[in-house]
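Read off the chains here:
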Amino acid sequence: MQFQNEKDKILIIDFGSQVTKLIARRIRELGVYSEVVTPLDLFKIKNFNKIKGIIFSGGPSTVTSKKFQSVPKKIFEKKIPILGICYGLQLIAKLFGGKIKPSKKRRELGREILFKKKIHYLPKIF
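Read on for an overview of the structure. (Residues numbered from 1 in each chain as written. Predicted model: local features only at pLDDT ≥ 70, side-chain atom pairs only at ≥ 80, totals over all residues. Heavy atoms only, no water.)

Let's shift gears to the sheet that holds strand β2 (residues 34–37). Strands sit in the order β2-β1-β3-β4 across an open sheet of four strands; the sheet is parallel. Edge positions in the sheet fall to β2 and β4 (82–84), since each has one partner strand and no second. The sheet shows a mean angle of 20 degrees between the axes of neighbouring strands, direction not considered. Where strand β1 (residues 9–13) lies against strand β3 (residues 51–56), five bridges are found, and the strand directions are parallel. Opposite I12, over in β3, you have I55 as the bridge partner. On the sheet, helix α1 (residues 20–29) packs against β1, β2 and β3 and is oriented at approximately 165 degrees with respect to β2. (Pairing = 2+ DSSP bridges. Helix = DSSP H or I, 4+ residues; strand = E, 2+ residues; numbered from the N terminus. Axes fitted to C-alpha atoms, helices over the stretch in contact; angles between N-to-C directions. Contact = heavy atoms within 4.5 Å.)

As structure tokens, this is what we get:
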């Protein structure tokens, strides 16, 4: 992977999320350069001077598995703001000693059928 070393940027670490490219596009629409890299690419970066923020994007995995993707712990010593989304947030918590428990319920996978009830509690504008 070829890195742009001369531009200030937001680095997005892609752990397999379906929306990583959307996140990158939204950042670029704000006028900020962003690059999407894999966790393995992150290990290859030597110079973090132009990286102004890092986003750990989500993915289908969980850190409760015996084997899970990670990042070098030294990245947290760089004093760069880091945002974890879904898996990224789990990873940050796990690396700093947090406990992540698997859910007993199956959630957010697949198609859902929504029914509109006659009585609802949301304001009329919805």
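The next subject is unusual backbone geometry. Unlike most non-glycine residues, K79 shows phi in positive territory, near 60 degrees. The exposure class of K79 is exposed, given its relative accessible area of 80%. You will see that C86, though not glycine, has its phi angle at about 55 degrees, which is positive. Tracing the backbone through its elements, the reader meets C86 in the loop between β4 and α3 (87–95). (Buried < 20%, exposed > 50% of the residue type's maximum accessible area, 1.4 Å probe, protein only.)

Taken as a whole and judged by the stated rule, the model has four aromatic pairs. Look at F15 and F56: their rings are 6.0 Å apart centre to centre, the planes differ by 90 degrees, and that puts the pair in the edge-to-face class. Here F15, found in the loop between β1 and α1, pairs with F56, found in strand β3; they are 41 residues apart in sequence, far enough to count as distant. Judged by relative accessible area, F56 falls into the buried class, the value being 0%. Ring geometry for F15 against Y87: centres 4.9 Å apart, planes inclined by 50 degrees, an arrangement best described as tilted. With F15 in the loop between β1 and α1 and Y87 in helix α3, this residue pair connects regions lying 72 residues apart in the sequence. Owing to a relative accessible area of 2%, Y87 belongs among the buried residues under this scheme. Here the aromatic residues F15, F56, F76, Y87 and F96 are joined through ring pairs into a cluster of three or more. One Lys or Arg, K7, reaches over the ring of Y33 and ends 4.7 Å from the middle of that ring. (Phe/Tyr/Trp six-rings, centres within 6.5 Å; stacked < 30°, edge-to-face > 60°. Lys NZ or Arg CZ within 6 Å of the ring centre and 35° of its normal.)

Let us look at the pattern of salt bridges. If you walk through the whole model with that rule in mind, you get five salt bridges. Two residues, E29 and R25, come together in a salt bridge whose shortest N-O distance is 3.1 Å. A residue pair is termed a helical-turn pair when its members lie 3 or 4 positions apart in one helix, as E29 and R25 do in helix α1 at four residues. E29 is the salt-bridge partner of R26, the closest N and O atoms lying 3.2 Å from each other. Taken together, the residues R26 and E29, both in helix α1 and three residues apart, mark about one turn of the helix. For R26, a relative accessible area of 45% translates into the label partly exposed. Looking at E29, the relative accessible area reads 49%, which means it is partly exposed. Salt bridges sharing partners connect three or more residues here, namely R25, R26 and E29. (Salt bridge = Lys/Arg side-chain N within 4 Å of Asp/Glu carboxyl O.)

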